[in-house]
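Okay, here's what each chain looks like letter by letter:
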Amino acid sequence: MNLNSIPAFQDNYIWVLNNHEGRCLIVDPGDAKPVLDAIAEHQWQPEAILLTHHHQDHVGGVKELREYFPKIVVYGPAETQDKGTTQVVKDGDSVFILGHEFSVFATPGHTLGHICYFSHPYLFCGDTLFSGGCGRLFEGTASQMYQSLKKISELPDDTLVCSAHEYTLSNIKFALSILPHDTFINEYFRKVNELRAKNQITLPVTLQNERRNNIFLRTEDIDLIKEINKETILQHPEDRFAWLRAKKDRF
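Throughout, a residue's number is its position along its own chain's written sequence, starting from 1. For this predicted model, a pLDDT threshold of at least 70 governs which residues receive local features, and a threshold of 80 or more governs which side-chain atom pairs are given and counted, while totals over whole chains, interfaces and linings are taken from all residues. Calculated side-chain values reflect all of the structure's heavy atoms, with hydrogen atoms and water omitted.

Visitor: What is the right way to look at the pairing of strand β3 (residues 23-27) in this model?
Guide: As a general feature of sheets, a regular strand has side chains that alternate between the two faces. Taken across its five residues, β3 has four buried, putting it largely inside the fold. With four bridges connecting them, strand β2 (residues 12-18) and β3 associate as antiparallel partners. Among the inter-strand pairings, Val16 is bridged to a residue of β3, identified as Ile26. At least two bridges found by DSSP between two strands is the condition for calling them paired. Helix and strand assignments follow DSSP, with helices taken as H or I runs no shorter than four residues and strands as E runs no shorter than two, numbered in order from the N terminus. The turn joining β2 and β3, which pair antiparallel and follow one another in sequence, is formed by four residues; a positive phi near 90° is taken by Gly22. Both β3 and strand β4 (residues 45-50) contribute to a ladder of five bridges, which runs parallel. Within the sheet, the bridge partner assigned to Cys24 lies in β4 and is Pro46. Remark: the β3/helix α1 (residues 32-42)/β4 crossover connection has right-handed handedness. Relative accessibility thresholds used throughout: buried, under 20% of the residue-type maximum; exposed, over 50%; partly exposed, between the two (1.4 Å probe, protein chains only). The crossover handedness rule: strands pointing away from the viewer, path from first strand over the helix to second strand clockwise, crossover right-handed.

Structural data, given as structure tokens:
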């Protein structure tokens, strides 16, 4: 399988997985035009669309893509039923596309019905996990998002995190504001800075990379706890996550 990223809007990525025959699946097509352009350029044959949640920048292109490809199957959570989904999927479901099994698991937080799709090594996580960060809590609670990230963190080290936005640089700047002397984060900041200076994509990243550099996955890390303790004593990792998320919202 080949993984492709299609830039859309200001900082979105629409992911496409294709096999050697050119059959493909499309993830979170917020805009149809760049997808249709890529399909024409690569001679892809779309078979399925995966939707992670209902926000317009993730579903806005579905209607037009279905007009061009009426047989395409659109998988999505219940919250996307009015966005063009043809088959509702939920936590614990599996879908079979292009000969591969994709596990569906619920990751509420950014929205209440947000889901992720995993077929080793590919994780399509929408707006739940970003490189160096996580999604804003528009509908869910900090506790829900903490549990969602915990689920993701249990996947294998070599999982390829295919987030839907290019937020890495700002996320790592925030991480450095909390842990300015962290060796891993400083090294990653240099790498990300170089890529963005050349206008290059920072995704996908391995989950192993995220466990090192993403402070939202490090709420039980002793160095992070020490830094948080300078401002407030929080006994539970869930509370430390909520504190970090609130701080990032104001960053």
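Visitor: Looking at this model, I keep getting lost on the environment of Ser153. Mind explaining?
Guide: Examined against the element boundaries, Ser153 turns out to sit in helix α4 (residues 142-153). Sequence-wise, Ser153 and Thr107 are 46 residues apart; in three dimensions their C-alpha atoms are separated by 12 Å. Only heavy atoms enter the contact rule, under which two residues are in contact if any of them lie within 4.5 Å. With residues up to four places along the chain from it excluded, the contact list for Ser153 reads Leu207 and Arg211.

Visitor: Which parts of the structure should I look at to understand helix α6 (residues 183-197)?
Guide: One turn of an α-helix holds 3.6 residues; hence residues three or four places apart share an orientation. Counted at 1.5 Å a residue, the expected span for α6 with its 15 residues is 21 Å, and the 21 Å between its end C-alpha atoms agrees. Where α6 is concerned, the buried positions are Ile185, Tyr188 and Val192. Seen from one end, α6 has its buried residues packed into an arc of 65°, which puts them on one side. Opposite the buried face of α6, by more than 90 degrees, sit the exposed residues Thr183, Glu194 and Ala197. On its buried face, α6 sits against α5 (168-178), β14 (205-206) and α7 (207-213). Any pair of N or O atoms that falls within 3.5 Å is considered a polar contact. Within protein, one atom must be able to donate a hydrogen and the other to accept it, and sequence-neighbouring residues count only if both atoms are side-chain atoms. Two to three positions downstream of the cap, the backbone nitrogen of Phe184 sits 3.0 Å from a side-chain oxygen, assigning the N-cap of α6 to Asp182. To estimate how far a helix should reach, multiply one less than its number of residues by 1.5 Å. Note that the arc is defined by the directions from the helix axis to the C-beta atoms.

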